[in-house]
Structure formats: structure tokens, C-alpha cells
Amino acid sequence: MTRKSRLTHDLIAAYKLPIEIIEAQKATITELMEYHSVEYIGAIYSTKELESEGIYDPVEKTPLEYLGLVDDCAKFTDIKEHILYIAGSSITAARAIQDHDVIINWQGGRHHAKKSKAAGFCYVNDVVLCIMQLQEDYQRILYIDIDIHHGDGVEEAFSCSKSVTTCSFHICEPGYFPGSGKNSLNEYTINVPLKPGIQGEKFLAVFTRVVEKVMATANPQVIVLQCGVDGLARDPLGGWNLTEVDYCNCVDYILRSNMPTIILGGGGYNPVNVAKCWTSVTAKCVGVDLPRDIPEIDDWPLFAPDYSINVSKSNQKDYNESVDSILCSISN
Ligand SMILES: [Zn+2]
């Protein structure tokens, strides 16, 4: 479990939130290959198959470079277990949602992984596998992505599908990862490119107006929300100026549609602030108002100096235009 997930789980336990724990079933390699290619999975489980298939030019690039398994996605000791658990947890959520209103999997949301390539800290696209599992029971699925980075891997998987609508809110600027998501591709593939510095009030206004419209068009039976929180103020890789209250407001808006909803994690690179935000969202889902003071947990000193559940705004400049200008540029 990553540090931010462990902190989140500790904090949720310390607040004694009234939640039901569903044990995640580990995925099988066969389940991974429902979406990922044999070359990619083969490279993780053994590089020999890849070489014998001759699908790469070893002079130009190493096989691992071809498959994105370098730099921020370098292979590591427990990668096989990691992938099976991440994928399995989101597939478990998809199988269980018929009996629940909301299921949360903060370990999921690896939205950058491609069919044949790792990218942006994502080795397996559990979101795609989750949605593919949902397709067994639902005809119309809405995927909403509020991670600050474009949900490119999920968009790519379903850009030709009318049964899955994807809608991603993200920064799209020259040099900003992953560089895609400037325009909506069609009425089922919506992109809302934003600039750095957006604050809660404006973000919520854009979010609610876009989602209201998308809901009306997509008429979904189930919603998957990728709730990466790298848009929190002062995130080291982010660039927005949002607070935990802003994320709770977005989630609250979705929950008010009374649609079964799977909430997945995603980015967020200040583990303490991620834990605060994801705990707050969890509390919102079960209708609990959290006391401001963090209860004592093993890592309590990390929450110094104020030991508060709040993530405050910074004085970062907002480079975005007005809500109406943003909405107008999306529809053009
Ligand atoms: Zn991100």
C-alpha cells in the first residue's frame, strides 16, 4: 500500500467512520489481459517472450522503453503483486456496486496506463478494467476524472464507445503531462482543459455545469469518479488551488444524482494532504461531519503544526478566465 493510502486508511479508522469494508479479490493475469496487451503483460512477467516475438528494435529502444517501464514507471520487486491487487480491487468494486450506493477504492484510479504501455506512475489501468467489468451489467456508464492530469488512458480505451462517456477536468498547457485533452473528441469524450491556479468556487461552477450537461446526454446508470487530488493547494506536482472542501463539494454534487457511484483514487503527491482530503471525501459519502482536529494516529506528528483536517488555499495566482469564458471555449 502506498504511503498516502496507508495514511488515509489510518485516518479513516481513527475517525471511526461507519463504513463497510469489502475485501478486494486479487485479479488474475487473464483478467489483466481483458484490456492490456500480451506484450505488455509479458514484459512484466518475463521479458523473454517479448524478445522472441520480435516486436521491438533493440538498437533503437530497449524493450522496457517501448513499454514505458522506465523512469517514473521503472519495474520494482513487487510489481506483479502490485498490479494484481490494484486491478483486482477496482474489479471487485465493479462486481459489488450492484448491492451498494457508493464504493470507494483509494488505491485505484491509475488512469494513465495504456493497453501496451505504463505511464505516469500507472502500471495497470484498473479504471478501464473496472469499467469493462461494469459493462457486463450496465449499458450506459459515465466516467468523470477530476485528477489534475488528463485521463488519457481511460479516454483512449473508450473513445470509440458510445456506452461509456468520459469527462476529464485537467490542466492542458505546453509541457504539462501528459499533453493531451485539449479538445472534446465527440459527445461521448468530453475534455475540460483548464489553466493553473483555479480555486474552488470557479472549479465547482465549471464542474457542476459541465457534469449537469454530460449527465443529461449520457443518461448513465452508473458513475465512476477518478478522484485524484493533485489539484490540492501546494501539491508538488499539481498546480491548482483547491481544498478538501472543494473536492467534497464535487463528490456531493455527483452523489446527489442518486446514481450508484464507484470512487477511485489517483494522483496527489503530498501524502498528508491526500489523506486529509480522501478521509474528508469518505466522511462526506457516509454523511459524517468530521471534527476539525485530527485524532491521534501513529503518524500524528506529520499533521503538525495545526493537526487539522483542513487543507488551506494558497495565494497562487489564478490564470483561468471567467466561468462563462471557460464553458464557451469548451463548447467551441
Ligand atoms: Zn494526476
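Residue positions are given per chain, counted from 1 along the sequence in the order it is written. Restriction of local features to residues with pLDDT of at least 70 applies here, the model being predicted, together with a cutoff of 80 or more for giving and counting side-chain atom pairs; totals for whole chains, interfaces and linings are based on all residues. Values shown for side chains rest on all heavy atoms present in the structure; no hydrogens or waters enter the calculation.

So, on to the coordination of the zinc ion. Each metal site lists N, O and S donors within 2.8 Å (3.2 Å for Na, K and Ca). With water left out of the atoms, a site can look as if it is missing ligands. The coordination sphere of the zinc ion, as far as protein atoms go, consists of D147 (OD), H149 (ND1) and D230 (OD), spread over 1.9 to 2.1 Å. We note that the donor set of the zinc ion lies within a single chain, spaced as D-x1-H-x80-D. On the criterion of sequence distance, the pair formed by H149 in the loop between β2 (141–145) and α8 (152–158) and D230 in the loop between β5 (222–226) and α10 (244–255) is long-range, its members being 81 residues apart. Assigned by exposure class, H149 and D230 land together as buried. Labels follow the DSSP assignment, with helices taken as runs of H or I lasting at least four residues and strands as runs of E lasting at least two, numbered in each case from the N terminus. The cut-offs for exposure are 20% and 50% of the maximum accessible area for each residue type, with area from a 1.4 Å probe on protein chains only; residues under the lower value are buried, those over the upper are exposed, and the others partly exposed.

Attention now moves to the nonpolar core. Here the nonpolar core consists of buried residues drawn from Ala, Val, Leu, Ile, Met, Phe, Trp, Tyr and Cys, with membership extended through side-chain atoms lying within 4.5 Å. Grouped together as the largest cluster of nonpolar side chains are 56 residues, with contacts concentrated most on I144, I146, F169, F203 and V210. Whether two residues touch is decided by their heavy atoms; if any such pair falls within 4.5 Å, the residues are in contact. Those residues in contact with I146 that lie beyond four places of it in its chain are F169, F203, F207, L225, Q226, C227, G228, W240, Y247 and C250. Within the second largest apolar cluster, 40 residues are counted, among which are L32, Y40, L69 and C130.

Let's shift gears to a nonpolar patch on the surface. Each patch is built from salt-bridge-free residues with over 30% relative accessible area, joining like charges within 9 Å and nonpolar side chains (Val, Leu, Ile, Met, Phe, Trp, Tyr) within 5 Å. Residue exposure ignores everything except the shown protein chains as possible cover, and the areas themselves are Shrake-Rupley values with a 1.4 Å probe. Within this document, salt bridges are pairs made up of a side-chain nitrogen of Lys or Arg and a carboxyl oxygen of Asp or Glu, the two lying within 4 Å of each other. Taken together, the side chains of I19, I21 and V286 define a hydrophobic patch exposed on the protein surface, amounting to about 260 Å² of accessible area. Looking at where V286 falls in the secondary structure, it is placed in the loop between α11 (271–285) and α12 (323–331).

On to the UniProt feature "active site" (unreviewed entry) in the protein chain, then. Look at the UniProt record and you will see "active site" (unreviewed entry) annotated at H112. Considering the arrangement of structural elements, one finds H112 in the loop between β1 (102–105) and α7 (126–134). For H112, the contacting residues outside a window of four places in its chain are A119, G120, C122, N125, H149, H150, D152, G153, F177 and P178. UniProt positions are given in the numbering used here, feature names are shortened, and annotations may be inferred rather than shown by experiment.

Glancing now at the sheet that holds strand β4 (residues 189–194). Backbone hydrogen bonds hold the strands of a sheet together, and the pairing may be parallel or antiparallel. Criterion used throughout: strands pair if DSSP finds at least two bridges between them. The parallel open sheet is built from six strands, whose spatial order is β1-β6-β5-β2-β3-β4. Both outer strands of the open sheet, β1 and β4, are each paired with one neighbouring strand and no more. The average undirected angle you get between the axes of adjacent strands in this sheet is 10 degrees. Inspection of the sheet shows β2 paired to β5 by five bridges, in the parallel sense. The residue bridging Y143 from the neighbouring strand is V224, located in β5. Each axis is a line fitted through C-alpha atoms, taken for helices only over the stretch in contact, and angles between the N-to-C directions span 0 to 180 degrees. Strands β2, β3 (164–171), β4 and β5 of the sheet are contacted by helix α9 (residues 200–218), whose axis makes an angle of about 165 degrees with β3.

Attention now goes to the pairing of β3. In terms of burial, β3 is a largely internal element, eight of the eight residues being buried. Here β3 shows a buried face lined by V164, T166, S168 and H170 and a second buried face lined by T165, C167, F169 and I171. Relative to β3, β2 runs parallel, the two being bridged by five bridges. Along β3, the bridge assignment pairs D145 with S168. Taken together, β2, α8 and β3 form a β-α-β motif whose crossover is right-handed. Across six bridges, the pairing between β3 and β4 is parallel. Each bridged residue has a counterpart across the sheet, and for F169 the counterpart in β4 is V192. With strands facing away from the observer, any crossover in which the path from the first strand over the helix to the second runs clockwise is taken as right-handed.

What follows covers the packing of α10 against α11. Look at α10 against α11: their axes get within 9 Å of each other, and the N-to-C directions meet at 30 degrees. Considering the relative orientation of α10 and α11, their crossing is right-handed. Along the contact surface, α10 presents E244, Y247, C248, V251, D252 and L255, while α11 presents C277, S280, V281, K284 and C285. Here the nonpolar group is Ala, Val, Leu, Ile, Met, Phe, Trp, Tyr, Cys and Pro; Asp, Glu, Lys and Arg are the charged ones; every other residue, Gly included, is treated as polar. When its residues are assigned to classes, the contact of α10 with α11 shows seven nonpolar, one polar and three charged. Crossing handedness follows the turn of the near helix against the far one: under a right angle anticlockwise gives a left-handed crossing, and clockwise gives a right-handed one.

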